[in-house]
Amino acid sequence: MGAVRIAVAGAGVMGRVHAAAVRSTPGAVLSALADPAPDAAAVAAQLGVPWFASLDELLAHGRPDGVVLATPNTLHVAQALQCLDAGVAVLVEKPVATRVAEAAPLLRAVQAPGARVLVGHHRAHSPIIERAVEVVRSGALGRLVVVTGSALFCKPDRYFDDGPWRREPGGGPILLNLIHDVHNLRLLAGEIVAVQAFASNAVRGFAVEDTVAIGLRFASGALGSFVLSDTAACPRSWEQTSGENPAYARCDDEDCYVVAGTDGSLAVPTMRLRRYARREERSWFEPFETRVVAVERADPVLRQMAHFAAVVRGEAAPRVSVADAVANLRVTEAVALAARSGGSVDVAAG
């Protein structure tokens, strides 16, 4: 087939990011933009593509091969089902749904032959994460023992002024930010089977948390800890350490994950690998041999769009499936429940 025609539904920040990614992807063309917002027609005109006021109109008259859903979270499931009914491949932004239960119809629908849905956990396409997963799976770290992680950053006051709903339950970092890191942790260390959490709103005093401390148990028996805060003057977050999004300030010397096993540890994203020279002499009295694992950096959003074009053509299965995305959401829901209850919460299997 020729160049695949990919339309974008949603003219907000992420919609424009995806539109730019389509235009930069060989073998794909941006075919249309759909959004009922008053300024969406002007955005479409700037992009040089037709504008539709709704997804209904787009599917009826735009004839895309694929659609990117960069629409409000509450619309994701219904709109993805609508695209599948029209025989169109879908890249749906994360979270795939607002709640695990809400995603059930989409989980069923993707079992049908020809149903193609990629969920936009774009960090799965990061070459840094890909290389880190390779190191872990190679056995270089030995048996996994512990994983530590952080998403510590400071959202400015205007972030909450621009969206007052972010001060209310559902607008805190558990549901808005943690889901990104959950997917990374699952890739690096396997399935998360239980969580504990403490949450606090002591700094901002909003009706929603601003800081969370989380304990994790992985299916392998490894344990983990994760700290999350949107009011911490600290750069130990993926955005500020990976440098993959130029919108954020970058701190090249910081890490946000450390994966440690019986034979060594890997710090991510600096990719510092530490191992003892002689395994039989492992000891805290002995020095480590340290090297930096080479990584060829690339924009994961662009790589994700190239992958989606391959999914549209039927050349690849979605790297992040609906089931994967629901697993991420299930962990996030468990963390929120653990924070409210103060107890340990098992992460139910799908």
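Throughout what follows, the structure given in this document is the object of discussion. Keep in mind the model is a prediction, meaning the values are calculated, not measured.

**Quick word on the overall build of the protein**
Looking only at helices and strands, the protein features twelve helices and 15 strands. Taking 20 Å as the expected radius of gyration for a compact globule of 350 residues, we find that the protein reaches 21 Å, a close match to that expectation. Projected onto its principal axes, the C-alpha positions of the protein cover 70 × 50 × 40 Å. Residues classed as buried in the protein amount to 50% of the 350 residues present. For the protein, the proportion of contacts with a sequence separation of at least 24, taken over those separated by at least 6, is 64%. Total accessible area on the protein is roughly 16100 Å²; 54% of this is exposed by carbon and sulfur atoms. Averaging the coordinates of the 34 positive side-chain charges in the protein and doing the same for the 36 negative ones gives two points 4 Å apart.

**Considerations on the environment of Pro173**
Positionally, Pro173 belongs in helix α8 (residues 173-176). When its relative accessible area of 0% is taken as the criterion, Pro173 is described as buried. Once the C-alpha coordinates of Pro173 and Asp210 are considered, the two residues, 37 residues apart in sequence, prove to be 6.6 Å apart. Look past the residues within four positions of Pro173 in its chain and what remains in contact with it is Leu178, Glu209, Asp210, Leu228 and Asp230.

**Describing the pairing of strand β13 (residues 272-276)**
Sheet topology places strand β12 (residues 264-268) next to β13; four bridges connect them, and they run antiparallel. Paired with Gly264 across the bridge in β13 is Arg275. Pairing analysis gives five bridges linking β13 to strand β14 (residues 288-292), with the strands arranged antiparallel. From the neighbouring strand, Arg274 faces β14, where its bridge partner is Thr290.

**Focus on a nonpolar patch on the surface**
Together, Val13, Met14 and Val17 line one region of the surface with nonpolar side chains, adding up to about 230 Å² of accessible area. Tracing the backbone through its elements, the reader meets Val17 in helix α1 (residues 13-23).

**Points about the packing of α1 against helix α11 (residues 300-313)**
Running from N to C, α1 and α11 cross one another at 65°; their axes reach a closest spacing of 9 Å. Between α1 and α11 lies a crossing whose hand is right-handed. Where α1 approaches α11, its residues Val17, His18, Ala21 and Val22 are matched on the opposing element by Val301, Leu302, Gln304 and Met305. Residue composition of the contact of α1 with α11, by class: six nonpolar, two polar and no charged.

**A short note on the nonpolar core**
Val67, Leu69, Val96 and Phe308 are the most contacted members of the largest nonpolar core, which has 56 residues in total. The leading source of residues in this core is α11, at six residues. Of all hydrophobic cores here, the second largest spans 44 residues; its members include Tyr257, Val335, Ala336 and Val347.

**Side note on unusual backbone geometry**
Cis rather than trans, the peptide bond between Lys94 and Pro95 has omega equal to -5°. Relative to the elements of secondary structure, Pro95 occurs in the loop between β5 (89-93) and α5 (104-109). Here the residue pair Val268 and Pro269 is connected by a cis peptide bond, since its omega of 15° sits within 30 degrees of zero. Inspection of the secondary structure assignment puts Pro269 in the loop between β12 and β13. The backbone of Arg63 shows a phi angle near 50°, a positive value even though the residue is not glycine. Positioned with a positive phi, Met271 is a non-glycine residue whose angle comes to about 65°. Here Met271 shows up in the loop between β12 and β13.

**Observations concerning the sheet that holds strand β6 (residues 117-120)**
On the basis of which strands lie adjacent, the open sheet formed by six strands has the order β3-β2-β1-β4-β5-β6 and parallel pairing. Both outer strands of the open sheet, β3 (51-52) and β6, are each paired with one neighbouring strand and no more. In this sheet, β3 lies alongside strand β2 (residues 28-34) in parallel orientation, the contact comprising two bridges. The partner of Leu33 across the bridge, within β3, is Trp51. Against the sheet, α1 engages β1 (4-9), β2, β4 (66-69) and β5, with an angle of about 155° to β2. This element, α11, spans β1, β2, β4, β5 and β6 of the sheet and lies at about 150° to β5.

What counts, and where the lines are drawn
Residues numbered from 1 in each chain as written. Predicted model: local features only at pLDDT ≥ 70, side-chain atom pairs only at ≥ 80, totals over all residues. Heavy atoms only, no water. Helix = DSSP H or I, 4+ residues; strand = E, 2+ residues; numbered from the N terminus. Rg over C-alpha atoms; globule rule 2.2 N^0.38 Å. Buried < 20%, exposed > 50% of the residue type's maximum accessible area, 1.4 Å probe, protein only. Contact = heavy atoms within 4.5 Å. Areas by Shrake-Rupley, 256 points an atom, 1.4 Å probe, with all protein chains shown as cover. Lys, Arg positive; Asp, Glu negative; His and termini not counted. Charge placed at Lys NZ, Arg CZ, Asp CG, Glu CD. Pairing = 2+ DSSP bridges. Patch = residues over 30% accessible without salt bridge, like charges linked within 9 Å, V, L, I, M, F, W, Y side chains within 5 Å. Salt bridge = Lys/Arg side-chain N within 4 Å of Asp/Glu carboxyl O. Axes fitted to C-alpha atoms, helices over the stretch in contact; angles between N-to-C directions. Left-handed = near helix turned anticlockwise from the far one by under 90°. Nonpolar A, V, L, I, M, F, W, Y, C, P; charged D, E, K, R; others polar. Core = buried A, V, L, I, M, F, W, Y, C linked by side-chain atoms within 4.5 Å.

Without other data, these values stay purely geometric and don't point to any function.
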